[in-house]
Protein chains: 4
Amino acid sequence: MNATHHGYADDQKKIIARLNRIEGQVRGICQMTENGEYCIDILTQISAVNSALKSVALLLVEDHLNHCVKEAIEEGREVSEAKIAEASAAIARLVKS
Amino acid sequence: MNATHHGYADDQKKIIARLNRIEGQVRGICQMTENGEYCIDILTQISAVNSALKSVALLLVEDHLNHCVKEAIEEGREVSEAKIAEASAAIARLVKS
Amino acid sequence: MNATHHGYADDQKKIIARLNRIEGQVRGICQMTENGEYCIDILTQISAVNSALKSVALLLVEDHLNHCVKEAIEEGREVSEAKIAEASAAIARLVKS
Amino acid sequence: MNATHHGYADDQKKIIARLNRIEGQVRGICQMTENGEYCIDILTQISAVNSALKSVALLLVEDHLNHCVKEAIEEGREVSEAKIAEASAAIARLVKS
């Protein structure tokens, strides 16, 4: 773990806990499908997972802006523009996903 | 597994395979977070999982319309309106997720 | 207006009223941009328009299933499969938009 | 127009042009609905407008990060945290819209 590489140190445990729960939800959806459960019930669970994943992603975006992007700008590093372009591209992928 | 309850019989194996892969992807994202990998790389993976889940959901929607909804309408069952309302609500949840 | 072509006859006035309101909202966003108003305020309005458009779209989807798709299936028309494939493709575009 | 309030000065003309085009698209969708055109064709246009609006929004997000947020951080203003929280909330509304 490298403090200079990620900005979610303060939220790391929370994010891991949420991702573990999401992994369990996906496993549950897989099991529902194997059991031949009703399409609509599976769809409802998939929508719930999508929302949960987006919440995790939005937390990561905020942490990234608050740390990685903020530090790049504070240090006046030439990379600050590249950092913002990179963050914007990641946000675009999320919005379109 | 109850043929009268689900409409994805023909795609069941494909859906299970895709969900298994998605479960692995989520586990991988969890591992990346534990390793303190870079925020942007995690965000990219989350966006990929969202897209993959939406693809599975859209396949389920089509199967549901082609079987569950179609059969309800063909049988002229009174439930056909309820069936369409139920499908529409599931599609709305997906669109908003 | 051709009753055989569209399924939103009962909601037509409501949909037109909503689209008129959305058109006004987009014009307002355009005006905000010309006035050099704050980015975040413009973004908030764009998100509101997106949600409003999705609501109209979901109403159209439900009307389409309830009328166009239902009639195609009831008439046992060969086109019923094509009709469902067409609806599914439209739902997919909406989900991915 | 106030340079301290918005970060999209360089893209203002482009954004206005795109919003004007989107306004015209919404007017066209309204007209299609009045003409009783086919549900699916209207849905396709709505999805296109959603994508176009998201593109404008993502351009605004990048401009906002590159100017408003960057300046707040560079000036070491106490408001920089509030600025990032505000941007994150706007991104969240966009992602969920």
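Every chain is numbered independently, its residues counted from 1 as its sequence is written. Written order determines the labels here, with chains lettered from A and ligands numbered from 1. Given that this is a predicted model, residues contribute local features only at a pLDDT of at least 70 and side-chain atom pairs are listed and counted only at 80 or more, while totals for whole chains, interfaces and linings are drawn from all residues. Excluding hydrogens and water, the side-chain values take into account all heavy atoms of the structure.

Could you clarify how one ought to interpret the overall build of chain A in this entry?
A helix here means a DSSP run of H or I that spans at least four residues, while a strand means a run of E at least two residues long, and both kinds are numbered starting from the N terminus. Of regular secondary structure, chain A possesses three helices and zero strands. Reading chain A from its N terminus to its C terminus gives the helix and strand order α-α-α. Principal axes of the C-alpha set define a box for chain A whose edges measure 55 × 25 × 15 Å. Across the 97 residues in chain A, those meeting the buried criterion constitute 54%. Throughout, a residue-residue contact means that at least one pair of heavy atoms, one from each residue, lies within 4.5 Å. At a minimum sequence separation of 6, the contacts of chain A that also span at least 24 residues come to 54%. Buried, partly exposed and exposed residues are distinguished by accessible area as a fraction of the type maximum, computed with a 1.4 Å probe on protein chains only: under 20%, between the cut-offs, and over 50%, respectively.

What's the story with the relation of the copies chain A and chain B in this structure? I'm lost.
Two chain copies, one operation linking them: a rotation about an axis together with a shift along it. Each copy superposes on the other: chain A lies on chain B with an RMSD of 0.0 Å after a rotation of 180 degrees and an axial shift of 0.0 Å. What we have between these two chains is a two-fold relation. Take the interface residues of chain A: 100% of them recur as interface residues in chain B, which is what a same-surface contact looks like. For this overlay, a least-squares fit was computed on C-alpha atoms, restricted to residues scoring pLDDT of at least 70 in both copies.

What is the right way to look at the packing of helix α2 (residues 39-74) of chain C against helix α3 (residues 79-96) of chain D in this model?
Each pair of packed helices can be described by the angle between their axes along with the distance between the axes. Relative orientation of the contacting elements α2 of chain C and α3 of chain D amounts to 15 degrees, with a least axis distance of 9 Å. On the basis of the axis angle, α2 of chain C is roughly parallel to α3 of chain D. Judged by the sense of rotation from one axis to the other, the crossing of α2 of chain C with α3 of chain D is left-handed. Along the contact surface, α2 of chain C presents I40, L43, T44, S47 and N50 of chain C, while α3 of chain D presents E86, A87, A90, R93 and L94 of chain D. Residues of the contact of α2 of chain C with α3 of chain D, tallied by class, amount to five nonpolar, three polar and two charged. Whenever a helix is involved, its axis is fitted only over the stretch in contact; in every case the axis is a line through C-alpha atoms, and angles between N-to-C directions fall within 0 to 180 degrees. Here roughly perpendicular refers to angles of 65 to 115 degrees, roughly parallel to angles under 35, roughly antiparallel to angles over 145, and oblique to all remaining angles. Here a crossing is taken to be left-handed if its near helix is turned anticlockwise relative to the far helix by less than a right angle, and right-handed if that turn runs clockwise. Residues are sorted three ways: Asp, Glu, Lys and Arg are charged, Ala, Val, Leu, Ile, Met, Phe, Trp, Tyr, Cys and Pro are nonpolar, and all the rest, Gly among them, are polar.

Just checking my understanding: could you explain the confidence of the model for chain A for this structure?
Fine structural detail should not be taken from predicted coordinates in areas where pLDDT scores are low. Overall, the prediction assigns chain A a mean pLDDT of 93, with 94% of residues at 70 or greater. Mean pLDDT across the elements of chain A bottoms out in helix α3 (residues 79-96) of chain A (95) and peaks in helix α1 (residues 12-34) of chain A (98). Confidence of the predictor at the level of single residues is given by pLDDT, which spans 0 to 100.

Where do I start with the interface of chain B and chain C in this structure?
As a measure of interface size, the accessible area lost when the parts come together is often cited. On the side of chain C, 19 residues touch chain B, which itself brings 19 residues to the contact. Here the buried area means the combined drop in accessible surface, using a 1.4 Å probe, for two parts upon being joined, counting both sides. Together chain B and chain C conceal approximately 1800 Å² of surface at their shared face, both sides included; 77% is due to carbon and sulfur atoms. Think of a salt bridge as a Lys or Arg side-chain nitrogen and an Asp or Glu carboxyl oxygen that are within 4 Å of each other. Counting across the chain B and chain C interface gives zero salt bridges. Pairs of N or O atoms within 3.5 Å make up the polar contacts considered here, provided that, within protein, one atom can donate a hydrogen while the other can accept it, and that residues adjacent in sequence are counted only when both atoms are side-chain atoms. Joining chain B to chain C, the criterion identifies two residue pairs in polar contact (both at pLDDT 80 or more).

Can you help me understand the pattern of salt bridges in this one?
Side chains that differ in charge, positive against negative, can pair when their charged atoms come close. Within the structure shown, the criterion is met by 16 salt bridges over all chains. For K14 of chain A, the salt bridge is made with D11 of chain A, and the minimal N-O distance between the two is 3.8 Å. Each of E23 and R27 of chain A together with E23 and R27 of chain B takes part in one network of salt bridges that share partners.

Please clarify how the side chain of S88 of chain D should be interpreted in this entry.
Summarising the element assignment, S88 of chain D is placed in helix α3. Overall, the relative accessible area of 8% leaves S88 of chain D in the buried class. Residues contacting S88 of chain D, with those up to four places away along its chain left out, are E62 and L65 of chain A.

What exactly am I supposed to notice about the interface of chain A and chain B here?
Listed per partner, the contact involves 48 residues of chain A and 49 residues of chain B. Summing both sides of the interface, chain A and chain B together bury roughly 4200 Å²; the carbon and sulfur share of this comes to 68%. Inspection of the region where chain A meets chain B yields two salt bridges. For R27 of chain B, the salt bridge is made with E23 of chain A, and the minimal N-O distance between the two is 3.0 Å. Secondary structure elements with two or more residues in the side of chain A that touches chain B: α1, α2 (39-74) and α3 of chain A. Its residues assigned to classes, the side of chain A that touches chain B shows 26 nonpolar, 14 polar and eight charged.

Would you explain the state of the cysteines in this entry?
Linking two cysteines covalently through their sulfur atoms gives a disulfide. Only a pair of cysteine sulfur atoms within 2.5 Å qualifies as a disulfide here. What the rule picks out here adds up to zero disulfides over all chains. Take C39 of chain B: it sits in no disulfide, and the sulfur closest to it among the cysteines is that of C68 of chain A, at 3.7 Å.

What is the right way to read helix α3 (residues 79-96) of chain B from this model?
Count 3.6 residues to each turn of an α-helix, and residues three or four apart come out pointing the same way. Multiplying one less than the number of residues by 1.5 Å gives the expected span of a helix. Taking 1.5 Å per residue, 18 residues should reach 26 Å; α3 of chain B reaches 26 Å between its end C-alpha atoms and fits that length. Three or more residues of α3 of chain B are buried, namely S80, I84, A87, S88, A90, I91, A92, L94 and V95 of chain B. If you follow the buried residues of α3 of chain B, they end up packed against α2 of chain A, α2 (39-74) of chain B together with α2 and α3 (79-96) of chain C.

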